[in-house]
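Single-letter residue listing:
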Amino acid sequence: MHRTRTILAIVLSAAGLVWAAQGAGLIKGSGFMDGDTRWTAIGAVLLVVGLIIAVGEIRSRREA
């Protein structure tokens, strides 16, 4: 289960970072996410959720 949570944390954090950057216009492209503040917010939420899972995983490994 530890490996699954670690992978989930990495994927959520990476996707959140990319989506937030695209929504903020930092990553240029021709997609529908470019410059859309909704995607900045969605990406930020995903990033925070991924970081919360990562911190929880780190804490659980230290206790074990």
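To be clear, the structure that these remarks concern was listed above.
Predicted model only: the values in this text are computed from it and were never measured.

> So what's going on with the packing of aromatic side chains? Which residues, and what values?
Within the structure shown, the criterion is met by two aromatic pairs. Both rings, one in Trp19 and one in Trp39, keep their centres 5.3 Å apart while their planes meet at 80°; by these two values the pair is edge-to-face. One end of the pair, Trp19, is in helix α1 (residues 2-24); the other, Trp39, is in helix α2 (residues 37-63), and 20 residues separate them in sequence. For Trp19, a relative accessible area of 28% corresponds to the partly exposed category. Aromatic side chains Phe32 and Trp39 sit 5.9 Å apart centroid to centroid with 70° between the ring planes, which places their arrangement in the edge-to-face category.

> Outline a nonpolar patch on the surface, supporting the account with residue identities and numerical values.
There is a patch of nonpolar side chains on the surface, built from Val18, Leu26 and Ile27 and spanning about 270 Å² of accessible area. With respect to the helices, strands and loops of the structure, Ile27 is situated in the loop between α1 and α2.

> Go over the environment of Val49, please, and point to the residues and values.
The topology assignment puts Val49 in helix α2. Between the C-alpha atom of Val49 and that of Leu12, which follows or precedes it by 37 residues, the distance is 7.3 Å.

> An account of α2 is needed here, citing residue identities and associated values.
Note that an α-helix has 3.6 residues per turn; residues three or four places apart therefore point the same way. When the terminal C-alpha atoms of α2 are compared, their 39 Å separation across 27 residues agrees well with the 39 Å that a helix rising 1.5 Å per residue should span. For α2, the set of buried residues is Trp39, Gly43, Leu46, Gly50 and Glu57. Buried-residue contacts for α2 involve α1.

> Report on α1, specifying residues and quantitative values.
Taking 1.5 Å per residue, 23 residues should reach 33 Å; α1 reaches 33 Å between its end C-alpha atoms and fits that length. Along α1, the residues classified as buried are Ala9, Leu12, Ser13, Gly16, Ala20, Ala21, Gln22 and Gly23. Phi turns positive one or two residues past the end of α1, at Gly25, with a value near 85°.

> Lay out the pattern of salt bridges with the relevant residues and their values.
Under the counting rule described, the total for this entry stands at three salt bridges. Between Asp36 and Arg38 there is a salt bridge, and its shortest N-O distance comes to 2.9 Å. You can call Arg38 exposed: its relative accessible area is 58%. A salt bridge links Arg61 to Glu57, with the nearest nitrogen and oxygen atoms 3.0 Å apart. Note that Arg61 and Glu57 are positioned in helix α2 at a spacing of four residues, about one turn of the helix. Residue Glu57 is classed as buried on the basis of its relative accessible area of 4%.

Rules behind the numbers
Residues numbered from 1 in each chain as written. Predicted model: local features only at pLDDT ≥ 70, side-chain atom pairs only at ≥ 80, totals over all residues. Heavy atoms only, no water. Phe/Tyr/Trp six-rings, centres within 6.5 Å; stacked < 30°, edge-to-face > 60°. Helix = DSSP H or I, 4+ residues; strand = E, 2+ residues; numbered from the N terminus. Buried < 20%, exposed > 50% of the residue type's maximum accessible area, 1.4 Å probe, protein only. Patch = residues over 30% accessible without salt bridge, like charges linked within 9 Å, V, L, I, M, F, W, Y side chains within 5 Å. Areas by Shrake-Rupley, 256 points an atom, 1.4 Å probe, with all protein chains shown as cover. Salt bridge = Lys/Arg side-chain N within 4 Å of Asp/Glu carboxyl O. Expected span 1.5 Å × (residues − 1). Contact = heavy atoms within 4.5 Å.

In short, the description is geometric, and any link to function would need to be established separately.
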